[in-house]
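So you can see what is in the structure, the chains are spelled out below.
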Amino acid sequence: MSLIIIIGSVIVLSGLGLIFGLWLAFSEKRLAVKEDPRVEKVEEVLPGSNCGACGYPGCSGLAKAIVEGKEPPSRCPVGGDEAAKRIGDILGIEVEAEERKLAVLRCNGGNQRAKDKYEYRGIETCQAASLLGYGQKACDYACLGFGDCAQACPFDAITMSEEGLPIIDAEKCAGCGICVEICPKDVLELISRSQTIYVACNSTDAGRSVRKICKGGCIACKLCEKVCPVDAIHVEDNLARIDPEKCTACGKCVEKCPTNVIIDLRERIKDQKVSSGSGSSTADENTSS
Amino acid sequence: MATKLMVIAVSAILINNFVLTRFLGLCPYLGVSKRLDSALGMSMAVTFVMTLASAITWLIWQFLLLPTESNLIYQVAKLFGFEATPAAFDLTYLETISFILVIASFVQFVEMVIQKISPTLYSSLGIFLPLITTNCAILGVAELNTITYHYNFLESVVHGFCAGIGFTLALLLMAGIRERLEVANIPKALKGLPLAFIIAGLMSLSFLGFTGLSFVKGG
């Protein structure tokens, strides 16, 4: 009796499957839509990490848009110059060189140097903390250190240091800008990789009030301005700003800066290599202060 | 006969509206009701699949799964001189899997057709098009036709088609409302889905009013 059921079910299901399969195979032939073969080629060139930095849900979406001409070949910030060139080859168009960028932290505070204005006990994300009076840091421009950026980074390039500041691995960073988007304090910035010196502070408060709340901030003392041989650094709105066009990366301002707020990326990368593997602690320390 | 079909039609569209009263197929109801034209495309696809799936699943149920004299496998077995009662060929437990097979095939077919004739509609429906396969409203119609109501072939097809019309009605109403809400001045916290859910609830409440419709003679 049960044998009939078994054989019956096998016959019914495989029969139905066969009929519908054949029908679908036949209609597939009849209704086939020809897709542009270049789309597939472009998709192969793209990094394939589906990070979404271009604004499309995945690399295939961008590939389609590039082939249709809606987006320039250099739209992918991760693939950068190389991908853009190869896409240009596929599509037969000239591509202007665009450099891969690097995310840097424009804050030198952390829980050692920047004071807190209150004790934050809540959801441990920068997004939540920033809703309470611009965050728990006394400085309104400061990095809050809960590591939203480290969470968001699709390339694992950001780790939180023990000081409660994100450390960005320059080798891993693809310059996609997702961390810049997600940071509620706008304290991360994409810079060109040729610019090796940057100011790790974005506070436009007066020097005296910066000094009161943070030992690592730019106090607008203008010493860098005086020491710069090529007139590339200027203090505007109480904050030193570097003109990347003029800067020759001589490093004199880095040495002179009394609060060590001007940072030479080359040295920082060297330091990272020495102490690699020790910067993986989370941002919990920040709240226990 | 005509009266019974009428009753089936009205109850599938209004009284037991698949979305608003039976709460089936809510996923596309909230997913593709943002724009009127994509909502229309979606409901046409669903109605098509529902109607055809109703017909095919009824045939499968009646002639392959049910243990009756008309069971095809029983007939073939008898032809070869196999001694058994029809009751031995009870394959009703295969109902869900074979129905889903039918539905999935139709959805694949519809997907191909839409991709061919309207690429814009294809991209605006996005993931919700292949998801018609798992739209419980369609499996629901097939199951109600066979197991619950024991409809005959014509009734099943009418029920399937009208369930699709009911789905269309709900989706189009929702899309129309949501298109207007796009430009309305509403609190920020309610923008988008939160308000859509509230509206879905209110629409469902109002459709419950149709429960009072009665088809009793002289009533």
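Residues numbered from 1 in each chain as written. Chains lettered and ligands numbered in written order. Predicted model: local features only at pLDDT ≥ 70, side-chain atom pairs only at ≥ 80, totals over all residues. Heavy atoms only, no water.

### Brief notes about the overall build of chain B
The cut-off we apply is this: Numbering of helices and strands runs from the N terminus; a helix is a DSSP stretch of H or I covering at least four residues, while a strand is a stretch of E covering at least two. Throughout this description, buried means an accessible area under 20% of the type-specific maximum (1.4 Å probe, protein chains only), exposed means over 50%, and partly exposed covers the range between.
Scanning chain B from N- to C-terminus turns up 9 helices and 0 strands. Listed by position from the N terminus, the elements making up chain B come as α-α-α-α-α-α-α-α-α. Going through the 219 residues of chain B one by one, you find that 47% of them count as buried.

### Observations concerning the overall build of chain A
As a reminder, the rule being used: A contact between two residues is defined here by any heavy atoms of the two lying within 4.5 Å. Residue-level accessible areas treat just the shown protein chains as cover; the underlying method is Shrake-Rupley with a 1.4 Å probe.
Across its full length, chain A holds 12 helices and 8 strands. Expressed as a percentage of its 289 residues, the buried residues of chain A come to 43%. In chain A, the share of contacts with a sequence separation of at least 24, taken over all contacts with a separation of at least 6, comes to 60%. Carbon and sulfur atoms provide 52% of the accessible area of chain A, an area that totals close to 16000 Å².

### Overview of the pattern of salt bridges
All names here are of chain A. Let me state the cut-off plainly: The rule for a salt bridge is simple: a side-chain nitrogen of Lys or Arg has to be within 4 Å of a carboxyl oxygen of Asp or Glu.
Across all of its chains, the model carries 10 salt bridges over all chains by this definition. Between Arg106 and Glu189 there is a salt bridge whose closest N-O contact spans 2.8 Å. Taken together, the residues Arg106 in the loop between strand 1 (101-105) and helix 5 (110-113) and Glu189 in strand 4 (residues 188-192) connect sequence positions 83 residues apart. Residue Arg106 is classed as buried on the basis of its relative accessible area, which comes to 17%. Linking Arg266 and Asp264 is a salt bridge whose minimum nitrogen-to-oxygen distance equals 3.0 Å. On the basis of relative accessible area, Asp264 is assigned to the buried category, the value being 8%.

### Regarding the confidence of the model for chain B
Interpretation of this model should avoid reading the predicted coordinates in detail wherever pLDDT is low. This is how the line gets drawn: A score from 0 to 100, pLDDT tells how confident the predictor is in each residue.
With 98% of its residues at a pLDDT of at least 70, chain B reaches an overall mean of 88. When mean pLDDT is compared element by element in chain B, helix 8 (residues 153-183) of chain B scores highest at 93, while helix 6 (residues 119-125) of chain B scores lowest at 82.

### Notes on unusual backbone geometry
All names here are of chain A. Backbone geometry at Tyr134 places phi at a positive 65°, although glycine is not the residue there. If you trace the backbone, Tyr134 turns up in the loop between helix 6 (126-129) and helix 7 (148-152). Using a relative accessible area of 55% as the deciding quantity, one classes Tyr134 as exposed. One non-glycine residue with positive phi stands out, namely Asp156, at about 55°.

### Re the pairing of strand 6 (residues 233-236) of chain A
Residue and element names in this part refer to chain A. How we decide: Here, strands pair whenever DSSP counts at least two bridges between them.
Going residue by residue along strand 6, you find Ile233 and Val235 tucked away on one face and His234 and Glu236 left uncovered on the opposite face. The sheet contact formed by strand 6 and strand 7 (residues 239-242) spans 4 bridges and is antiparallel. Along strand 7, the bridge assignment pairs Glu236 with Leu239. Hairpin connection, strand 6 to strand 7: the antiparallel pair is bridged by 2 residues, and Asp237 has positive phi, about 50°.

### Observations concerning a nonpolar patch on the surface
Residues and elements named next belong to chain A. Using the following cut-off: Patches draw on residues past 30% relative accessible area with no salt bridge. Two like charges within 9 Å are joined, as are two nonpolar side chains (Val, Leu, Ile, Met, Phe, Trp, Tyr) within 5 Å.
On the surface, Leu3, Ile6, Ile7, Val10 and Ile11 cluster together into a nonpolar patch covering about 480 Å² of accessible area. Here Leu3 is to be found in helix 1 (residues 2-31). For Leu3, a relative accessible area of 57% gives the class exposed.

### Section: the environment of Ser60 of chain A
All names here are of chain A. Residue placement: Ser60 occurs in helix 3 (residues 59-67). Of the residues examined, Ser60 reaches a relative accessible area of 39% and is grouped as partly exposed. With 14 residues separating them in the primary sequence, Ser60 and Leu46 have C-alpha atoms 8.6 Å apart.

### Some remarks on the interface of chain A and chain B
We count it as follows: A 1.4 Å probe defines the accessible area here, and the buried area is the portion of it lost by two parts on being joined, summed over both. Any pair of nitrogen or oxygen atoms within 3.5 Å is treated as a polar contact; in protein, a donor-acceptor pairing is required on top of that, and neighbouring residues in sequence qualify only through side-chain atoms on both sides.
With 18 residues of chain A at the interface, the matching set in chain B holds 25 residues. Taken over both partners, the interface formed by chain A and chain B buries close to 1900 Å², and the fraction arising from carbon and sulfur atoms is 86%. Looking only at chain A, the three residues that lose the most surface to chain B are Ile4, Phe20 and Leu31 of chain A, adding up to 28% of its buried area. Applying the counting rule to chain A against chain B returns 0 salt bridges. Seen at the junction of chain A and chain B, the total is 1 residue pair in polar contact (both at pLDDT 80 or more).

### With respect to the side chain of Thr57 of chain B
Residue and element names in this part refer to chain B. Inspection of the secondary structure puts Thr57 in helix 3 (residues 36-65). By relative accessible area, Thr57 is classed as buried at 1%. Here the side chain of Thr57 touches Ser54 through a polar contact of 3.2 Å, landing on its backbone oxygen. With sequence-adjacent residues up to four places away left out, Thr57 is seen in contact with Phe99, Val102 and Ala142.

### Section: the packing of aromatic side chains
Our working rule: When two rings of Phe, Tyr or Trp (its six-membered ring) have centres within 6.5 Å they constitute a pair, described as stacked for plane angles under 30 degrees, edge-to-face for angles over 60, and tilted for the intermediate range. Here, a charge over a ring is recorded when the distance from Lys NZ or Arg CZ to the ring centre is within 6 Å and its angle to the ring normal is within 35 degrees.
Following the criterion strictly, the structure yields 10 aromatic pairs over all chains and no others. Between the aromatic rings of Trp58 of chain B and Phe63 of chain B, the centroid separation amounts to 6.4 Å while the plane-to-plane angle is 85°, which identifies the pairing as edge-to-face. When the ring of Tyr149 of chain B is compared with that of Tyr151 of chain B, the centres are 5.2 Å apart and the planes differ by 45°; the resulting orientation is tilted. Overall, the relative accessible area of 11% leaves Tyr151 of chain B in the buried class. Each member of the aromatic cluster is reached from another via a ring pair, and the members are Phe20 and Trp23 of chain A together with Phe106 and Phe109 of chain B. Note that Arg22 of chain B overlies the ring of Phe18 of chain B, its terminal NZ or CZ placed 5.2 Å from the centroid.

### A few points about the layout of surface pockets
Put simply, the rule reads: Space inside and on the surface of the protein is sampled on a 1 Å grid over the protein atoms alone, with a cavity defined as a set of points where a 1.4 Å probe fits but cannot get out and a pocket as an open set with protein on both sides within 12 Å along at least 5 of 7 lines; lining residues have an atom within 4 Å of a point. Grid points are joined across faces, edges and corners, and a volume is the space filled by probe spheres set on the points.
Of the volumes computed, that of the second largest pocket is approximately 740 Å³. If you go around the second largest pocket, you meet 25 residues; those closest to its centre are Glu35, Lys64 and Glu68 of chain A together with Tyr122 and Ser123 of chain B. Broken down by secondary-structure element, the contributors of at least two residues to the lining of the second largest pocket are helix 3 of chain A together with helix 5 (95-117) and helix 6 of chain B. For the lining of the second largest pocket, the element with the most residues is helix 3 of chain A, which contributes 5 residues.

### Here's the deal with the nonpolar core
This is how the line gets drawn: Nine residue types can take part in a nonpolar core, namely buried Ala, Val, Leu, Ile, Met, Phe, Trp, Tyr and Cys, and a core is a set of them joined through side-chain atoms within 4.5 Å.
Core analysis: the largest hydrophobic core is formed by 59 residues, its most contacted members being Tyr29, Leu65, Ile132, Ile138 and Met174 of chain B. For this core, the secondary structure elements donating two or more residues are helix 1 of chain A together with helix 2 (26-31), helix 3, helix 4 (72-79), helix 5, helix 7 (136-148), helix 8 and helix 9 (193-207) of chain B. Here this core takes 11 residues from helix 3 of chain B, the largest share from any one element. Beyond its immediate sequence surroundings of up to four residues, Ile132 of chain B is in contact with Met42, Ala45, Val46, Ile103, Val107 and Ile138 of chain B.

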